[in-house]
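Fold and geometry: a report
Residues per chain, in single letters:
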Amino acid sequence: MSSADPPPDSEERILGRPVPSPIAMAFAERMQRHARAILVAATVLTLACGFYVARNFTINTDTDALLSPDLPSQRDQAELSRIFPQLEDTIVAVVEGPTPALSRQAAARLAEALQKQKALFPDVYRPEGDFFLRNGLLYLDAPELDVIAERLTQAQPMISSLAGELSVRGIADLIGLAVGPEAQSVPDLSGFDTLLTNLASAVESANAGQFRPVAWSRLMGPTMGAGASTQFVIVKPRLDTASLEPAEPAIEAIRRIEANLGLTAEQGFRIRLTGPAALDTAQIESATEGASGTTLLSFGLLAILLGFGLHSLRMMLAVVSTLLMSFVWSAAFGLAVVGPFNLISIAFAVLFIGLGVDFGIQFCVRYGEDLARLRRRLPAVRSALLYAVRPLTLAAAAAAISFYSALPTDYSGLSALGAVAGSSMLIALGGTLIVLPAFLSIMAAGKRHMERARFGLFRHLPIYRHRRAVTLAAALIGVAALPLALATPFDFDPAKLQDSRQEAVRTFNGLRRADSASLYTIDVLTPNLNAADALAERLNGVKSVKHALTLDSFVPEKQDEKFAKIQELTLILPPFSLVIAPTPSQDANAVRAALSDLRKHLAAVPRDSPIAEPARRLGLALDRFRSRRAEDNRAVLDLQRQMVGDLPETIRMLSEALQPQPITRESLPQDLRDRYLDPKTGQARVEVFSSLDLNNSKNLERFVRDVQTVAPRATGAPVLLVEAARAIVGAFRLSTVLAAIGIFALLLLVLRNPGKVLLVFLPLTLAGVLTSATMNVLGMSFNLANIIVLPLLIGLGVAFGIYFVLRWAEGAHVEQVLRTSMPDAVLLSGMATMISFGSMAVAKTPGMAILGQTLSIALFHVLLCVLVVLPAVLGIVQGRRSPLVRSE
Amino acid sequence: MTHFRSAFSLARRTLLAMAFLTSAALGAPAASTQTPQVQSAADPRHVVEHFHDTLIRAMHKGGKTAFDTRYAMLDPVIRRTFDLPYIGRAVLGPYWSKLNPEQQKTFLEHFARNTVATYAGRFNLYSGERFATLNEQTLQPNLRVVDTQLAESGGKTHRFSYLLRRTTEGWQVVNVLVDRISNIAVQRSEYTAILRDKGFDGLIARLDAMTKSMRESS
């Protein structure tokens, strides 16, 4: 198979290729002779590694573990969660029923059922629990209490008479009185239309066979007993940390309980699960699902692009196979040496494919060039191999240095990524220099390749002629873009990166829009309750703080004054007047009679009455009911159920709310106390709410900073977010500086000329500035997802720079360099990475999408700087070097 | 929420009419008279029963010319049975503290007259009605309910629930609920609305007008 290579010809010299040493030549020949053995060995290794990965693949899903546990904020948080474990990793069930009162009742039932499963749900808490239903009035201030008193006073006759007759009869009588002859003198009928409209909707939905009970509790307003229509149950689940989705068993159990309790959509209930544990699960779901999905898509697009770019199906197969093999090896290496992946280090796939494919392309394009020149496969492979060793090794080493630079940072997620990605560069290099030549050596080369080299896309670009203009323009743009580039913000909010199609995310976003202050509270741990109270008082003086709560905040002030008012209310609205009469008549005939009376009352409403329209609507609905369903006893009783709606629950809750008990620190409910005061150590928690809109990251930072000036050891979600952002930005800054120094040293060692090293860095730096500036102009910010582009940018930027500068440094004129296959390879490789990962730009997950967009922007600028700006600069720098190619 | 409030306020006005409807249509006099018991030290049930007895006796004196007689008869009993200063205060709710002491005094006097006149006007004829005490409950140590029932001769019944509070004067009525409708609630809604719209003088004028119409219509 082997044959002697032709002696290096003159073209070789002109292009500045050093003649390879005989030893290297012999080594390459041996490799080619054992090509099949190499491929068999590689395949076996791949299968073994694949098996290992399949068996041992895990992602450490704890997002907090991404940060070094030695950070002060992490330590404080750990301390807080040790003392108040019920606050950590919770699932928040957002309960909505057809009416506020039914929501509250459903939340209570759900909480009760969850509490029975102590093993799975160690802590179940309702922020608006029964205690606050019973004592809610004490938490209002005096003027608010007066408003409630007035409202209840006005409502008393209606509520009490309905309580005595909870049926269509009661409703009919009430409406009869309101629209009857004695009421005609009353000018104000504006409120009654709402009631009639609600009744009409209920009858209409009954006609349509739906269940939509009248929401009396909503009509009465949130302050009267039932509360808001959205209720919360906060659950501390036992997490299965060994699993990929630790909260999954708990979530499934909640869903089962929901179904058992009949809290179904048909009954008008909706229970959505969110909270840290559910969000983590959602994030992992989308990360794993997204990762496998996009990886497949990436490989697919990559294959297509390579097929076209290399003009050869076989070469494409060789590159993709090599890539897959070394990918599996890298994953196995990562698992074995670095340990389980985390949510950051799993992104090594992006970095690996980005650079791995570049190595393959550089090699294959070179091979194509040599094939056209030498017209024989084996010598061409050998030639490509021998000439590619230096640039590829240097590029891989530079990329590895760039990734390894993350190792000493505080961001353990990033340092794990650095370890895996850095090592994977060396593995990819091995694959490209050993497996890929073996593939190419045993595959027949296409005839077309032998006949004509397909490269030289850049030969007609007049870069050299306009070198001064290009350089000047690049310098001007670079300087102008610099301030913009430096101003691009870092948005640390991880919630924005999550897939809002997921229930947990969507629900969280909804809650956040409605009330960000309650979702992002800061906690401060103090030695005792007195210290907590003192700190809370100081914090209450801080501008960005709305209020700071301690256990004592739940003991209402001025209780004497409030009890006097409530006592008065008790006289006006005595509890016995709210006692509900026994269940309404289940006699369908009685209901029919009442319905028919109601119809008569409505018919008596004059046309010019302000309630004429809703009365007509209710009347029509009742007529329709009578003509279609009135024969059916069950339908009649169902209609009564819809019209009576949540009135029984509403009245019962109101009645409870009117009988508060004096509240002391000791009489507060146990679960509430335990959330603010540790019974064992006496340590107390201060919970700080912000007055700012925390959907804005700047406000979040300000809130954290303000609280930290008063309480340096503050913790909680906002602090963690801000501190994590600081740590992450710091980590990336440090690793970038280290990477720059390391690569500089490496290049200096190899190139032995600081000027040339600077030339390698030039396109990278300019591309970095332009990328950041473009993002700024487009209103994008760096975030936890797309910051990963930074190491990729460095890796690819340096690699491309090395290819160019090496070729040029070997003595060729820049126009000659542009005529070789190398710029084409750079373009193809950049395009390959851009298309395979840029495809993520259209992903539904915002995190994925923004990563894809940033990557596309970055690669565009890298290519521009390497292929246009760098040649122009080289053209100026090379000075006297003569443009030999012109004579061709 | 506001809508519903007005809905209730509407209902309240109509129910106000209803609350006294029954008693307004009462019938002819009869002959039973009893000596009033001494009631200052009496327990809540006796306070209420004494009041009912007085009402029944007043009804026996029914007829157009007898309004003043009935008024004179009821006036001392009502002022003793009911804690009128307390009720008056509760009826004005938060507005009470906005009146000056002179106005408060004036209001209480006109309110008391109106209350007496209302009873004298509504319970104007006897036609076989009977009050029966159903039970007595303790709501709070100093607050009790006496549940009674008024049976009309036609067989219709109405529930009168009296809330009594222990004061220095003994047990005094602070609210009456007729068929679950709270008297203070009805009056408070009405009076505070008048106060808001027409001011203090408007309220006094309205009270006097109602007192007058009671006298004229009975």
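Throughout what follows, the structure given in this document is the object of discussion.

Rules behind the numbers
Residues numbered from 1 in each chain as written. Chains lettered and ligands numbered in written order. Predicted model: local features only at pLDDT ≥ 70, side-chain atom pairs only at ≥ 80, totals over all residues. Heavy atoms only, no water. Helix = DSSP H or I, 4+ residues; strand = E, 2+ residues; numbered from the N terminus. Buried < 20%, exposed > 50% of the residue type's maximum accessible area, 1.4 Å probe, protein only. Contact = heavy atoms within 4.5 Å. Areas by Shrake-Rupley, 256 points an atom, 1.4 Å probe, with all protein chains shown as cover. Expected span 1.5 Å × (residues − 1). Polar contact = N/O pair within 3.5 Å; in protein donor to acceptor, adjacent residues only side chain to side chain. Axes fitted to C-alpha atoms, helices over the stretch in contact; angles between N-to-C directions. Parallel < 35°, antiparallel > 145°, perpendicular 65-115°, else oblique. Left-handed = near helix turned anticlockwise from the far one by under 90°. Nonpolar A, V, L, I, M, F, W, Y, C, P; charged D, E, K, R; others polar. Pairing = 2+ DSSP bridges. Phe/Tyr/Trp six-rings, centres within 6.5 Å; stacked < 30°, edge-to-face > 60°. Lys NZ or Arg CZ within 6 Å of the ring centre and 35° of its normal. 1 Å grid on protein atoms, 1.4 Å probe; cavity = no way out; pocket = protein on both sides within 12 Å on 5 of 7 lines; lining within 4 Å. Points joined across faces, edges and corners; volume = space filled by probe spheres on them. Salt bridge = Lys/Arg side-chain N within 4 Å of Asp/Glu carboxyl O.

**Section: the overall build of chain B**
Secondary structure summary: chain B contains seven helices and five strands in total. When the helices and strands of chain B are read in sequence order from the N terminus, they spell out α-α-α-α-α-α-β-β-β-β-β-α. Out of the 218 residues belonging to chain B, those deemed buried represent 54%. Partitioning the contacts of chain B with sequence separation of at least 6, the portion at a separation of at least 24 is 58%. Carbon and sulfur atoms provide 50% of the accessible area of chain B, an area that totals close to 9,600 Å².

**A short note on helix H25 (residues 633–644) of chain A**
Residue and element names in this part refer to chain A. Its twelve residues place the ends of H25 17 Å apart at the C-alpha level, agreeing with the 16 Å of an ideal helix rising 1.5 Å per residue. N-capping of H25 is provided by Asp632, with a side-chain oxygen placed 2.9 Å from the backbone N of Arg634. Where H25 ends, the next residue or the one after it, Gly645, has phi of about 50 degrees, a positive value.

**A short note on the packing of helix H8 (residues 168–179) of chain A against helix H23 (residues 588–603) of chain A**
Residue and element names in this part refer to chain A. At a closest axis distance of 9 Å, the pairing of H8 and H23 adopts a crossing angle of 15 degrees. Considering the angle they form, H8 stands roughly parallel to H23. Here the hand of the crossing between H8 and H23 comes out left-handed. Contacts between H8 and H23 involve Val168, Arg169, Ala172, Ile175, Gly176 and Val179 from the first element and Val591, Ala593, Ala594, Leu595, Asp597, Leu598, His601 and Leu602 from the second. Class assignment of the residues belonging to the contact of H8 with H23 gives a composition of ten nonpolar, two polar and two charged.

**Thoughts on the side chain of A:Asn135**
Its location among the elements puts A:Asn135 in helix H6 (residues 130–135). According to the relative accessible area criterion, A:Asn135 is buried, its value standing at 4%.

**Comments concerning the pairing of strand S10 (residues 684–690) of chain A**
Residues and elements named next belong to chain A. In terms of residue burial, S10 counts as a mostly covered element, since seven of its seven residues are buried. Alternating positions in S10 separate into two faces, Ala684, Val686, Val688 and Ser690 on one and Arg685, Glu687 and Phe689 on the other, with burial throughout. Both strand S8 (residues 522–526) and S10 contribute to a ladder of five bridges, which runs antiparallel. Paired with Leu525 across the strands is Arg685, a residue of S10. Inspection of the sheet shows strand S9 (residues 545–549) paired to S10 by four bridges, in the antiparallel sense. Within the sheet, the bridge partner assigned to Ala548 lies in S10 and is Val688.

**Examining the packing of helix H14 (residues 348–374) of chain A against helix H33 (residues 822–838) of chain A**
All names here are of chain A. Running from N to C, H14 and H33 point in directions that differ by 150 degrees, and their axes come no closer than 9 Å. Here H14 is positioned roughly antiparallel relative to H33, judged by the angle of their axes. Helix-helix and strand crossings are classified by hand; for H14 and H33 the assignment is right-handed. Counted together, Ala349, Val350, Ile353, Gly354, Val357, Asp358, Ile361, Gln362 and Val365 of H14 and Met822, Ala825, Val826, Leu828, Ser829, Ala832, Thr833 and Phe837 of H33 form the full contact between these two elements. A class-by-class count of the residues in the contact of H14 with H33 yields twelve nonpolar, four polar and one charged.

**What about the packing of aromatic side chains?**
The tally for this structure, following the rule as stated, stands at 21 aromatic pairs over all chains. For the pair B:Phe131 and B:Phe160, a centre-to-centre distance of 5.7 Å together with 85 degrees between the ring planes defines the contact as edge-to-face. Of this pair, B:Phe131 sits in strand S1 (residues 130–140) while B:Phe160 sits in strand S3 (residues 157–167), and the two are 29 residues apart along the sequence. Both residues of the pair, B:Phe131 and B:Phe160, belong to the buried class. By the ring-pair criterion, three or more aromatic residues cluster together here, those being A:Phe57, A:Phe327, A:Phe341, A:Phe348 and A:Phe352. Over the ring of A:Phe84 we find A:Arg685; its NZ or CZ atom is 6.0 Å from the centre of that ring.

**So, the layout of surface pockets**
Residues and elements named next belong to chain A. Approximately 1,200 Å³ is the volume attributed to the second largest pocket. What lines the second largest pocket is a set of 39 residues, and nearest its centre among them are Ala485, Arg733, Ser772, Phe782 and Leu790. Within the residue set of the lining of the second largest pocket, elements represented by two or more residues are helix H18 (467–487), strand S7 (490–491), helix H28 (697–710), helix H29 (717–751), helix H30 (754–777) and helix H31 (789–809). In terms of residue count, the dominant contributor to the lining of the second largest pocket is H29 (eleven residues).

**Regarding the pattern of salt bridges**
Residues and elements named next belong to chain A. The final tally for this structure, using the stated rule, is 35 salt bridges over all chains. The residue Lys565 makes a salt bridge to Asp146 at a minimum N-O spacing of 2.9 Å. A residue pair is termed long-range when its members are at least 10 positions apart, and Lys565 in helix H22 (residues 559–572) and Asp146 in helix H7 (residues 142–164) qualify at 419 residues. Within the structure, one salt-bridge network assembled from shared partners comprises Arg169, Asp173, Asp597 and Lys600.

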